[in-house]
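Tertiary structure, described
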Amino acid sequence: MPAVTFNLYDKFRQKQASGNGAVNVEGLTVKAMVVTAGYTPDQNLHDFRDDLGATEVSGTGYTAGGNTLANPVVTLSGGGLVTVDFDDPAVWAQDAAGFADGRRFVIYIARGGAASADELIGYSDDFGADKGNVDGDFSMTVNAAGLYTSAR
Amino acid sequence: MFDWFRRKKPVPQLGMQENPVQLNPSPSARDLRNRARITRLEEAIKSAKGERKTDLVAELKRRRGA
């Protein structure tokens, strides 16, 4: 049950800060997809899902595009901490014909069309080894403190 | 002069702190997370107003029932 570092893409932070190209995470569909070691994130330059190329895992129990992080909610604490949080994506159930080469999660806005229109939000660090749903259920949970926060 | 520097407020920043995600979490880790989320919502509701407050209350009810 390892914790893996989550990283926001710089372009996402830039858009949210400027408002130019900013997205309403509470009003759009956010998904977590699993990619192979073939994807090398460029935190500074990658901004849309087509930057990932053909690196998504595939196998029984995994739906292309990944699973939804439902019920997004952005809270503000009395101390001024803004927290962006979601439900966890549904578990990828064990299947002998599943995928076994997952190396990281990528979280993005799923607009339902071309990958070039789906804004990237962030990605996890490499899992350190290939993971998948062949030997058991595969799941991810968002941090108890939220996916990301902005302090006063 | 030095007092002026000490009194000067820091420049506001829009820093974002990313939090680690958990791979294949245990049931106890999920429980811990759900409790943290409920606590956070309860605090947010205190300062929320209008439609925003209504939305947060609905979300709190949903999560308490989860």
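Structural notes, computed from the coordinates. All figures in this text were calculated on a predicted structure; none of them were measured in a lab. Every chain begins its residue count from 1, and numbering advances along the sequence as written. All chains are assigned letters beginning at A, and all ligands numbers beginning at 1, according to the order in which they are written. It should be noted that, the model being predicted, local features are given only for residues of pLDDT at least 70 and side-chain atom pairs only at 80 or more, the latter also being counted only at that level, while totals for whole chains, interfaces and linings use all residues. As a rule here, side-chain values come from all non-hydrogen atoms in the structure, and water together with hydrogens is ignored.

**Quick word on the overall build of chain B**
- Within chain B, the secondary structure is distributed over 3 helices and 2 strands.
- Reading the helices (α) and strands (β) of chain B from amino to carboxyl end gives α-β-β-α-α.
- Under the scheme applied here, a residue whose accessible area is under 20% of the maximum for its type counts as buried, over 50% as exposed, and between as partly exposed, the area being computed with a 1.4 Å probe on protein chains only. Looking at the 66 residues of chain B, the share that counts as buried comes to 27%. Helix and strand assignments follow DSSP, with helices taken as H or I runs no shorter than four residues and strands as E runs no shorter than two, numbered in order from the N terminus.

**So, helix H2 (residues 27-47) of chain B**
- One fewer than the residue count of a helix, multiplied by 1.5 Å, yields its expected span. Taking 1.5 Å of rise per residue, the 21 residues of H2(B) would be expected to cover 30 Å, and the 32 Å separating its terminal C-alpha atoms lies within 8% of that figure.
- Here H2(B) has its buried residues at Arg33(B), Arg37(B), Ile38(B), Arg40(B), Leu41(B), Ala44(B) and Ile45(B). Taken end-on, H2(B) shows its buried residues confined to a sector of 165 degrees, consistent with a single buried face. Within H2(B), the exposed residues directed more than 90 degrees away from the buried face are Ser28(B), Leu32(B), Arg35(B) and Lys46(B).
- Buried positions along H2(B) lie against strand E5 (73-76), strand E6 (82-85) and strand E9 (140-141) of chain A together with helix H3 (50-64) of chain B. To be clear, the arc concerns the directions from the helix axis to the C-beta atoms. Contact criterion: two residues are considered in contact whenever any of their non-hydrogen atoms come within 4.5 Å of each other.

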